[in-house]
Amino acid sequence: MMHRRSLLAGSAATLAAPAIVSRANAASSFDWQRYKGTHIEVNLTKNPRSDVLQHHQKEFEALTGISVGSEQIPEQQQRPKAAIEMASGSPSFDVIMVSLHVSKRLFGNAHWLQDVRDYIKNPEMTAPDWDFADFGAGAVKTATQADGRMDSVPLNPDLWIIFWNKALFKAKGLPFPASMDELVASAYKLTDKSKGTYGYVGRGLKNANIPCWTSWMLGQDAYTTNPEGTKLLTDTPEAIWGAEMYQKLMRDTAPPGSIGFNWYESQTSFSQGKVGMWLDGVGFSAPLIDPKSSKVVHDVGFAVVPKGPKAQHSASFVDSMAITAASKKKGAAWYYVQWATSKKIMGDILSTGSGTPARLSVYSDPALVKTNKFGPEWLDTVKKSQAVSAPGLPEIVPVTEFRDVFGVALTNTITGADPAKELRKATAAFQPVLDKSNKKT
Amino acid sequence: MLPPARAGGGYARRYGLFSVPAAVVVLAVIVLPWAFTLAMSLADWSPTGGTSWVGLANYRHLFTDPEFGWAVLRTFYFTAIGVIAPLVLGLIAALCFNQRFPLRGAARTVFILPMMATPVAIALVWSMMFHPQLGVLNYLLTSIGLPPAAWTYSETTVIPTLAMIETWQWTPLVMLILLGGLAALPGDPYEAARIDGANAWNCFRHITLPLLWPHIVVAAVLRTIDALKSFDIIYVITQGGPGTASETMNIYLYQQAFAYYHLGFASAVTLVFFVVIVAVTLVMLGLRQRSLAL
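So, how was this worked out
- Residues numbered from 1 in each chain as written.
- Chains lettered and ligands numbered in written order.
- Predicted model: local features only at pLDDT ≥ 70, side-chain atom pairs only at ≥ 80, totals over all residues.
- Helix = DSSP H or I, 4+ residues; strand = E, 2+ residues; numbered from the N terminus.
- Rg over C-alpha atoms; globule rule 2.2 N^0.38 Å.
- Contact = placed C-beta atoms within 7 Å.
- Nonpolar A, V, L, I, M, F, W, Y, C, P; charged D, E, K, R; others polar.
- Expected span 1.5 Å × (residues − 1).
- Buried ≥ 20, exposed ≤ 12 C-beta atoms within 10 Å, placed from the backbone.
- Pairing = 2+ DSSP bridges.
- Arc of directions from axis to C-beta.

(A) Fine view of the overall build of chain A. The helix and strand inventory of chain A stands at 18 helices and nine strands. Relative to the globule expectation of 22 Å for 441 residues, the C-alpha radius of gyration of chain A, 23 Å, shows essentially globular dimensions. Pairs at least 24 residues apart make up 75% of the contacts formed inside chain A by residues separated by at least 6 positions.

(B) Looking closely at the interface of chain A and chain B. Contacts between the two partners involve 29 residues from chain A and, on the opposite side, 23 residues from chain B. Elements that contribute at least two residues to the side of chain A that touches chain B include exactly α4 (75-87), α5 (100-109), α12 (263-271) and α17 (399-414) of chain A. No other element matches α17(A), which puts six residues into the side of chain A that touches chain B. Residue classes in the side of chain A that touches chain B are distributed as 12 nonpolar, 12 polar and five charged.

(C) Molecular detail of α17(A). Given a rise of 1.5 Å per residue, 16 residues ought to cover 22 Å, and the 22 Å separating the end C-alpha atoms of α17(A) matches this to within 8%. Summarising burial for α17(A): 16 of the 16 residues are buried, a large majority.

(D) View of the pairing of strand β3 (residues 95-99) of chain A. All names here are of chain A. The element β3 is extensively covered by neighbouring structure, given that five of its five residues are classed as buried. Taking every second residue as pointing to the same face, both faces of β3 are buried, with Val95, Met97 and Ser99 on one and Ile96 and Val98 on the other. Of the pairings in the sheet, the one linking strand β1 (residues 39-45) to β3 comprises two bridges and is parallel in character. Opposite Val42, over in β3, you have Val95 as the bridge partner. Bridge count for β3 against strand β8 (residues 314-323) is five bridges, and the pairing is antiparallel. Across the sheet, residue Ile96 finds its bridge partner in β8, namely Ala322.

(E) Examining helix α14 (residues 343-351) of chain A more closely. All names here are of chain A. Those residues of α14 lying buried are Ile345, Met346, Ile349 and Leu350. Looking straight down α14, one finds that the buried residues subtend no more than 140° of arc, so they occupy a single side. Close packing links the buried residues of α14 with α2 (48-55), β4 (153-165), α13 (330-340) and α15 (366-371).

(F) Fine view of unusual backbone geometry. Note the cis peptide between Gly241(B) and Pro242(B), where omega equals -5°. You can see Pro242(B) is positioned in the loop between α13 (232-237) and α14 (249-259). Even without glycine at this site, Asn207(A) takes up a positive phi of about 80°. Structurally, Asn207(A) is set in the loop between β5 (198-201) and α10 (210-218). For Asn207(A), a count of 24 C-beta atoms within 10 Å corresponds to the buried category. A positive phi angle is found at Asp221(A), which is not glycine, with a value near 55°. Mapped onto the elements, Asp221(A) comes out in the loop between α10 and α11 (237-252). A count of 14 C-beta atoms within 10 Å places Asp221(A) in the partly exposed class.

Function cannot be inferred from these measures alone, as they are strictly geometric.
What follows is the structure in structure tokens.
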């Protein structure tokens, strides 16, 4: 039976909760209201994570008293806009979502972003429950510059996995492949062009297609440059092996027209139930389990990219949150960054299927595991992929040019060109660009 | 007030100040950006700093880069289809809409709808229709017994397919220009020709076409400038692919400036591109003058 006194006490506690949270705890000198009245601008790339941030923005404003203006821009427009604004010395935003796989070195070498290590160490600036140790080591490494600066906080590593059609595999009596060689063999067995069935689909469009090659290269434990990012390793036997695998899959086992496919066309092909396997980012899972857009809702499987001859890796592409070095409201901006990368927000990103957050604790939170709409196989795939994640693109300044030059080489292999010749030609063409870029920076 | 011719230099002195606002605007929004672009084209300009003057090196690189040469050829290929097809179809449509028939006004309105559509939106719709397996276009082809086409997903068909969208969107503009021309044509020559026994084809060949020619040239000039500048539809649908098969000068320029940040080099491309457009336009306007003189 509830007594009046306990009811009053409970009500008082409920009313006082925001104040208690805003002061964090009595022992901490951290105060969420420290920058009350400040206004900051946030520049986001258009993706489901940004939707989550904007959905909860009012909560941040209520918690901190900081008002926020935020906008989402498609990533291909956001990157040059951000670069040009930051180069001008007075960007229109204080916080930015950064695609580290594209902009890490450019932004880092130009010192356009604020090093956040001092904020993290400072108990007056960082909430005691923020818990930096909770971030995955791979994502933290990706967010750290070569000179040790950590100029952004990892938000979401997009992991590349294999989506597979269990019904097609079952019809052919095939298990999910245990190795990359088996994957190619299965793709051939599943392909029946007379019935319009294909073993594999992936990106053929230049630039977008690079991870469909580097994912296989990672199976050889091979990367596209040396660790310093000064020498290309794109014409090695391992790189050629990866390109040959790309060619076989795309030329012999993929639907017609896949030379021009990006993720969208690959996804629509796979979701119609006529394709056995699709290699792409786990962030594209949601439409596959939506009956309105997918015919494979009950047949789709999620799997870690199988092991190659020397290693098993999942190519990853990390988005992060950063403060612009030119911002005059860095304190308030840091509050937004730590809120955006908090356990609560990352938990919400996971539970809504908006991404695969960089924090490890969310994957073992029983409540989130239970509410995750993709099921245990998906969650298991994400956890295992995170454990073997590796960068899917080189950490160099001219990474977009790299993607175009080698993307065209890969596209040419689909029309029958020799992978070794194409890679050697592209390597010879791109090494001077890389040299020039390294000389400048 | 004295007319200008009689006022002489005094007129200019008295009223010259009135042109200052216009001159300032022209200087600020036209001359200065061009001057800045010219200066950038002579430098190796990097967004991370460290700008250095390189003289004509960007231009030398431009004319020795095979990718640029291919981009120019693709641009002219795309432009040729994107000008000729709308001109032919627009002329036919104008001749049709110049006749009286029921619901002509409604039909004209429907015909010009593509011109009013947002390019990026229609590009997205077309890209869905082009999907080799799931697109409605291949469904229609196969349902009448024809083989499916690769549309924008093949290096050989991508440019004609993109030009087809350009044609679909801009034929109405040509039609409107030529319809205006047709409405202004005098009736007497037709009457005389019919008395002399001329048939419809003879009337079209020897009266309509010569009299309409100045309007056709105007439409061709506008279409040529537009097609040369075409960017949005190509970028949204193919981003220059497959490979570089649809990488026109605009896509090449965009890549150099905003993907690779080669801003000095991209400025050189911009200036060369500008010269190309001006040269083509002058040639076409010269043709128009000659046709008027005949």
